[in-house]
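Reading the structure
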Amino acid sequence: EPTAGQPAIERVGGASASEPPSDLPVANPVISWLKTSWRGLVSNLAGQIAIAGMGLVLLFVLWQAGEIGFLHLVPSRWAVARIYARLEQVSARLLPDLPGGHTPHQLQLALIEKLKGRQDALLKPVFSSAEGEIERVVALQVAQVFSQRPPGKSQVSKGVKAWLRLRWRLRFARGWMR
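Residues numbered from 1 in each chain as written. Predicted model: local features only at pLDDT ≥ 70, side-chain atom pairs only at ≥ 80, totals over all residues. Heavy atoms only, no water.

A short note on the nonpolar core
- Leu87, Leu111, Trp163, Leu166 and Leu170 are the most contacted members of the largest nonpolar core, which totals 29 residues.
- A total of eight residues in this core trace back to one element, the largest contributor, which is helix H7 (residues 153–176).
- Each residue touching Leu87, except ones within four places of it in the same chain, is listed here: Leu107, Leu111, Val137, Val138, Trp163, Leu166 and Leu170. (Core = buried A, V, L, I, M, F, W, Y, C linked by side-chain atoms within 4.5 Å. Buried < 20%, exposed > 50% of the residue type's maximum accessible area, 1.4 Å probe, protein only. Helix = DSSP H or I, 4+ residues; strand = E, 2+ residues; numbered from the N terminus. Contact = heavy atoms within 4.5 Å.)

Here's the deal with a nonpolar patch on the surface
- A cluster of nonpolar residues, Val57, Phe60, Val61, Trp63 and Trp168, forms a patch on the protein surface that exposes about 490 Å² of accessible area.
- It is helix H2 (residues 45–73) that contributes the most residues to the nonpolar patch, four residues altogether.
- Tracing the chain through its elements places Val61 in helix H2. (Patch = residues over 30% accessible without salt bridge, like charges linked within 9 Å, V, L, I, M, F, W, Y side chains within 5 Å. Areas by Shrake-Rupley, 256 points an atom, 1.4 Å probe, with all protein chains shown as cover. Salt bridge = Lys/Arg side-chain N within 4 Å of Asp/Glu carboxyl O.)

A word on H2
- Helix length check: H2 (29 residues) gives 41 Å between terminal C-alpha atoms against 42 Å at 1.5 Å per residue, within 8%.
- For H2, every residue scored as buried is listed here: Gly47, Gln64, Glu67 and Leu71. (Expected span 1.5 Å × (residues − 1).)

Here's the deal with helix H3 (residues 76–94)
- Between its first and last C-alpha, H3 extends 27 Å over 19 residues, near the 27 Å set by a 1.5 Å rise per residue.
- All buried positions along H3 are accounted for by Ala79, Val80, Ile83, Tyr84, Leu87, Val90, Ser91 and Leu94. When H3 is viewed along its axis, its buried side chains cluster within an angular range of 125° and face the same direction. Seen from the buried face of H3, the exposed residues on the opposite side, beyond 90 degrees, are Trp78 and Arg93. (Arc of directions from axis to C-beta.)

Quick notes on the pattern of salt bridges
- One pass over the structure, following the stated rule, counts three salt bridges.
- The salt bridge partner of Glu133 is Arg169, with a shortest N-O separation of 2.7 Å. Taken as a pair, Glu133 in helix H6 (residues 130–146) and Arg169 in helix H7 lie far apart in primary sequence, 36 residues in all. Comparing Glu133 with Arg169, the two get one shared label, buried.
- If you follow the salt bridges from partner to partner, you end up with Glu133, Arg165 and Arg169 in one network.

So, the packing of H3 against H6
- Where H3 contacts H6, the axes come no closer than 10 Å and their chain directions differ by 130°. On the basis of their axis angle, the class for H3 and H6 is oblique. Of the two possible hands of crossing, H3 and H6 adopt the one that is left-handed. Within the contact between the two elements, H3 uses Ser76, Arg77, Val80, Ile83, Tyr84 and Leu87 and H6 uses Val137, Val138, Leu140, Gln141 and Gln144.
- Classifying every residue of the contact of H3 with H6 by side-chain character gives seven nonpolar, three polar and one charged. (Axes fitted to C-alpha atoms, helices over the stretch in contact; angles between N-to-C directions. Parallel < 35°, antiparallel > 145°, perpendicular 65-115°, else oblique. Left-handed = near helix turned anticlockwise from the far one by under 90°. Nonpolar A, V, L, I, M, F, W, Y, C, P; charged D, E, K, R; others polar.)

Now the structure itself:
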């Protein structure tokens, strides 16, 4: 062997040859802790609950991203129909006294009144811009169904964004205003 007869490499500062040099950057402490302790994390109940919780959060985020992608990728008439159908589903739970053959504008007025009727100091920031979002979604549906010229891509995109913000407000309202 060519190196068997040579002396060992001398390191500065007395570090051994089996340890990495001290001038290398240190990895993120969380990642290095996970690399060394992952078996302990998986083997105890708290670690399993934490991993399951992170998995549920990841599934929720992927579901939301999938729905956003779906609404942007499908043809605009399908996206508008799906958004309005979801708005009616949520509204049916919030507004049980709304007549069956209601128009989009009746739905809009009833939803705005319902959300305005319960705006106390705690809920005012949550529902402050809901009126404009309801108007945008309903205007998109009206333009899609009753107009001779269907809404453009930019109008549908704005409607999708309004729906993505509005749906969380309506779900919160459904749970809060029972």
